[in-house]
Amino acid sequence: MKQMNEGQLLKALSFPKATQIIRTLPYNQMENKLTAAQKKVISKYVVSRGIRILAAIQTSNTNIEGFESETERFDSIIFLSVHVNDLGKSTQIYKVFMSIMPNPLVILFFDKTLTKWVFATHQKKKDGFLESNVLYEVQEIVTLQQVEECLNFENLNKTNLKTFYESWIERLLQLELQSRYSIYTPVSLQNNLLEKLVIMDAKINDYVKQAKKETQLNKRIELQQAANKVKLAKHALIEKEQGNGK
């Protein structure tokens, strides 16, 4: 994906014209806010002139109420696209952006062929900026075409900017759940089925790797049995949820 058609993307997602910005964010506007280590990350992994502001979602251009609590602040959500040469560094780059921007971020990372979405829950810091808490990565298996077909601004929860942001995350995680496990159940951040299955997959892989390295037969069998136990639990969970919401 050498060049993203940003206008087409925003139109497909039904973003109101008033929210759309679509312009390059010059690196020199950020540079003096970055540490030497952060500058290194950006210069190494972000393509030159590859940072674009796509949209800003706030009360003044959407009539969606803001939200603030002791720990969180949602007065404007900034939607960026970032052209990178290594999607594996997306979360690292996201943390750099979040450390210098006072708003919750949605970043669509892309390289020559694939995309990855990153979101975060956050905590307010004393200096007025936000610190990422839990990061949510929507894996490359979810294509931009799928997102354009299945995500719509109008269908997100507009109670306030916090619910809007969280429903955006949930909708994309639901697409990943569908792509990876053929499950159509809606994803909730409070009860994240996708996360449960991903953790199970990681456990299975870990047991299998350990079993391959194990020289003692009885320990190898124990590890294989442990992997099989998780596989059965995963299969039961998928079977229970499969087809729901389809």
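Residues numbered from 1 in each chain as written. Predicted model: local features only at pLDDT ≥ 70, side-chain atom pairs only at ≥ 80, totals over all residues. Heavy atoms only, no water.

Student: Where do I start with the packing of helix H8 (residues 193–213) against helix H9 (residues 217–241) in this structure?
Tutor: Where H8 meets H9, the axes come as close as 8 Å, and the angle between the chain directions of the two elements is 160°. Of the possible angle classes, the one that applies to H8 and H9 is roughly antiparallel. Remark: the crossing between H8 and H9 carries left-handed chirality. Of H9, the residues touching H8 (which contributes Leu193, Leu197, Met200, Asp201, Lys203, Ile204, Tyr207, Val208, Gln210 and Ala211) are Arg220, Leu223, Gln224, Ala226, Ala227, Val230, Lys231, Ala233, Lys234, Leu237, Ile238 and Glu241. For the contact of H8 with H9, the residue count by class is 14 nonpolar, two polar and six charged. (Axes fitted to C-alpha atoms, helices over the stretch in contact; angles between N-to-C directions. Helix = DSSP H or I, 4+ residues; strand = E, 2+ residues; numbered from the N terminus. Parallel < 35°, antiparallel > 145°, perpendicular 65-115°, else oblique. Left-handed = near helix turned anticlockwise from the far one by under 90°. Contact = heavy atoms within 4.5 Å. Nonpolar A, V, L, I, M, F, W, Y, C, P; charged D, E, K, R; others polar.)

Student: Explanation requested: the packing of aromatic side chains in the structure shown.
Tutor: Each aromatic ring pair is characterised by the separation of its centres together with the angle its planes make. Here the structure, examined in full by the defined rule, presents 13 aromatic pairs. Relative to tryptophan 168, the ring of phenylalanine 164 has its centre 5.9 Å away and its plane inclined at 75°; by these criteria the two rings are edge-to-face. You can see phenylalanine 164 and its partner tryptophan 168 sitting in helix H7 (residues 161–181), four residues apart, about one turn around the helix. In terms of burial, phenylalanine 164 and tryptophan 168 fall into one category: buried. (Phe/Tyr/Trp six-rings, centres within 6.5 Å; stacked < 30°, edge-to-face > 60°. Buried < 20%, exposed > 50% of the residue type's maximum accessible area, 1.4 Å probe, protein only.)

Student: Looking at this structure, how should I read the nonpolar core?
Tutor: Phe79, Phe97, Trp117, Phe119 and Trp168 are the most contacted members of the largest nonpolar core, which totals 74 residues. Ranked by the residues each element gives to this core, the list is headed by H7, at ten residues. For phenylalanine 119, the residues in contact, after removing those within four places along its chain, are Tyr94, Leu105, Val106, Val134, Leu135, Tyr136, Val138, Tyr165, Trp168, Ile169 and Leu172. (Core = buried A, V, L, I, M, F, W, Y, C linked by side-chain atoms within 4.5 Å.)

Student: For this particular structure, what's the right way to read the environment of proline 26?
Tutor: Tracing the backbone shows proline 26 in the loop between strand S1 (20–24) and helix H2 (28–31). On the accessibility criterion, proline 26 (28% relative accessible area) is partly exposed. Spatially, the C-alpha atoms of proline 26 and arginine 52 are 8.6 Å apart, while their sequence positions differ by 26 residues.

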